[in-house]
Every structure is written in C-alpha cells, then in structure tokens.
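# Fold and geometry: a report
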Amino acid sequence: MEKMKQRPLIFITNDDGIQAKGLKELSEVMRLFGDVIVVAPEMAMSGMSNAISVDKPLRATKVEEEEGYIAYKCSGTPVDCVKLGFNHLVERLPDFVISGINHGANSSISVVYSGTMGAAIEGCLHGVPSIGFSLCDYAPDADFSKAKMWVARVFQSVFEKGLPPFVSLNVNIPKGNIEGIKVCRQAAGKWVEELEKRTDPHQREYYWLAGYFKNFEPDQEGTDMHALDNQFVSIVPVNVDMTCRTTYEQMRTWRF
C-alpha cells in the first residue's frame with residue numbers, strides 16, 4: 001500500500017457489544033498503528049450477519065475520547081455501526097475497518113451468520129480494506145494475549161500489501177498455543193439440529209437455538225477448519241460477489 005502521509009484512521013466495530021473484552025483488546029493493538037474510532041453496538045448483536053435497521057431510529061452516544069481515540073456506542077447492528085460511522089461520525093473515509101475480536105469462531109459456514117464479518121464486508125463495500133478477527137473461545141473473559149500478536153501480524157501485512165476491491169478477510173485464531181498462519185478456503189459444512197423444542201414453566205412450547213456444526217470434509221487440508229484444528233490461524237479471503245461461476249456458465253446454455 002502506498003505510504004500514507006498522515007497517521008492511518010482505523011475504524012473498529014464488533015458484534016459482541018461496546019463492553020466486550022475482545023473489542024478493548026483489539027483497540028489496544030490498533031492504536032499502535034493509527035488513530036482509532038470505535039462505533040460498536042450498545043449490546044450483543046451476534047448472528048446479525050448483514051442486518052440493517054429499517055424501521056427504527058439509530059442513536060450513537062460518545063462513551064470515551066482521548067488523543068487519537070474516540071468510541072461510540074450505537075443502538076443498531078454491526079452493519080448499522082459502519083454505515084452510521086461512515087456517514088456521520090468520521091471526518092474522512094477510514095483507511096481500514098477492523099471488526100472483532102469476536103468471542104468465538106466464525107469459520108466455515110458461520111461466516112454467513114456472523115455480525116463480525118457482516119461489518120467487515122460492509123467496510124469493503126465502501127472500498128476500505130477490512131478484516132474480521134475471531135478467537136475460538138466463547139468465554140466473556142477469554143485470554144486474548146496470544147491472539148493480539150497475530151492480529152498485529154495480519155494487519156501489518158494488509159497495511160503493506162492492501163486488499164483487492166470488495167474483498168475482506170475472515171481471520172480465525174485458535175485458542176492456546178499457535179503454530180503459525182495459513183491462508184485457506186472456507187470448509188464445507190453446516191449447522192444441524194438447530195432448534196431445540198422446550199416447555200416453559202407455564203407449559204407453553206418454545207424453541208431454543210442449539211445444534212452442532214458438522215464438517216463435511218474434516219480431513220481435507222487447505223480449509224479453515226483443518227487449519228484451526230491443527231492450531232494455525234486461518235485467513236479466508238471473502239468476496240462479496242456471491243455468483244456461482246460454474247453454475248452461471250452451465251445455465252447460459254439453458255432455454256427458458
């Protein structure tokens with residue numbers, strides 16, 4: 001990337017909320033590289049993907065400010081945070097959008113549901129190099145000490161090399177000791193038995209999100225799941241163009 005004449009402006013958001021430990025840890029790392037503006041949901045917004053608020057007003061409240069750093073909480077989704085931030089809360093277009101560090105993995109098909117990645121994808125739609133970071137640890141007090149070094153290394157590479165237009169990175173970091181980094185493709189898999197039927201104390205039926213992830217190719221090298229299972233940081237380039245090229249070519253011969 002061409003050397004910047006001023007200190008980079010780094011836009012940070014997440015889907016775990018403004019109080020999440022992962023957000024604070026990410027902000028510490030990014031402040032080493034540039035000025036930081038945080039716009040994060042006021043409460044947890046996991047699983048929101050690319051959702052936006054269309055039937056309610058958005059509100060942003062400044063919660064912290066000091067030299068080179070400002071933070072807002074937003075009443076909307078992660079994507080709302082990016083849209084609101086870009087349109088009204090920043091003085092210039094940010095140089096980077098960094099989302100996370102998520103509490104829990106966003107590997108394989110989870111990228112479709114992830115609010116962390118929804119925000120990163122929104123950033124790249126604005127032409128800004130964007131990265132979503134996740135740690136494979138769902139605990140609210142997860143240890144990010146080892147993950148922060150890898151966040152810095154990935155960001156440094158993007159800072160130096162840039163990213164193609166409309167491409168963001170989905171970065172997942174394993175819990176515990178880390179062997180290195182691998183650039184991967186998304187593993188094939190799905191969530192199964194997703195909703196569990198239950199009964200409340202008043203004998204009324206309801207359903208609770210449950211289920212488990214099934215990896216369709218557990219032994220296939222080169223996937224993000226294989227990398228994580230072997231204690232490697234996985235990096236998957238995510239393209240916003242969802243066209244299936246193979247099917248597109250096949251369907252061009254159809255007669256309707």
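It should be noted that the structure appears before, not after, this text.
Note that the structure is predicted; figures quoted are calculated from it, not measured. (Residues numbered from 1 in each chain as written. Predicted model: local features only at pLDDT ≥ 70, side-chain atom pairs only at ≥ 80, totals over all residues. Heavy atoms only, no water.)

### Some thoughts on the sheet that holds strand β7 (residues 167-173)
On the basis of which strands lie adjacent, the open sheet formed by 9 strands has the order β3-β4-β2-β1-β5-β6-β7-β13-β8 and mixed pairing. Unpaired on one side and paired on the other, β3 (60-66) and β8 (180-183) mark the two borders of the sheet. Across the sheet, the axes of successive neighbouring strands diverge by a mean angle of 20°, strand direction being ignored. With 6 bridges connecting them, strand β6 (residues 130-135) and β7 associate as parallel partners. Directly across from Ser-130, in β7, lies its bridge partner Ser-168. (Pairing = 2+ DSSP bridges. Helix = DSSP H or I, 4+ residues; strand = E, 2+ residues; numbered from the N terminus. Axes fitted to C-alpha atoms, helices over the stretch in contact; angles between N-to-C directions.)

### A word on the packing of helix α1 (residues 21-30) against helix α4 (residues 145-161)
Axis separation between α1 and α4 bottoms out at 10 Å; the angle between their running directions is 50°. As summarised for this structure, α1 and α4 are arranged oblique, according to the angle between their axes. Where α1 crosses over α4, the two elements pack in a sense that is right-handed. Facing Glu-25, Leu-26, Glu-28, Val-29 and Met-30 of α1, the residues of α4 in contact are Lys-148, Val-151, Ala-152 and Phe-155. (Parallel < 35°, antiparallel > 145°, perpendicular 65-115°, else oblique. Left-handed = near helix turned anticlockwise from the far one by under 90°. Contact = heavy atoms within 4.5 Å.)

### Focus on the packing of aromatic side chains
The final tally for this structure, using the stated rule, is 7 aromatic pairs. For the ring pair Phe-96 and Phe-155, a centre distance of 4.8 Å and an interplane angle of 65° mean the geometry is edge-to-face. Remark: Phe-155 occurs in helix α4 and Phe-96 occurs in strand β5 (residues 96-103); sequence separation between them is 59 residues. For the pair Phe-96 and Phe-155, a shared accessibility class is recorded, and that class is buried. On the basis of an interplanar angle of 50° and a centroid distance of 5.7 Å, the ring pair of Trp-254 and Phe-256 is categorised as tilted. For Trp-254, a relative accessible area of 47% corresponds to the partly exposed category. With a relative accessible area of 84%, Phe-256 lands in the exposed category. An aromatic cluster of three or more residues is present, and its members are Phe-33, Phe-96, Phe-155 and Phe-159. (Phe/Tyr/Trp six-rings, centres within 6.5 Å; stacked < 30°, edge-to-face > 60°. Buried < 20%, exposed > 50% of the residue type's maximum accessible area, 1.4 Å probe, protein only.)

### Comments concerning unusual backbone geometry
Of note, the bond from Gly-100 into Ile-101 is cis; its omega dihedral lies within 30 degrees of zero at -15°. With respect to the helices, strands and loops of the structure, Ile-101 is situated in strand β5. Phi at Phe-166 takes a positive value of approximately 65°, unusual for a residue other than glycine. Mapped onto the fold, Phe-166 is located in the loop between α4 and β7. A residue is classified by how much of its surface remains accessible, and Phe-166, at 42% relative accessible area, is partly exposed. Phi is positive for Gln-231, which is not a glycine, with a value near 65°. Among the structural elements, Gln-231 can be located in the loop between α5 (224-229) and β13 (232-239).

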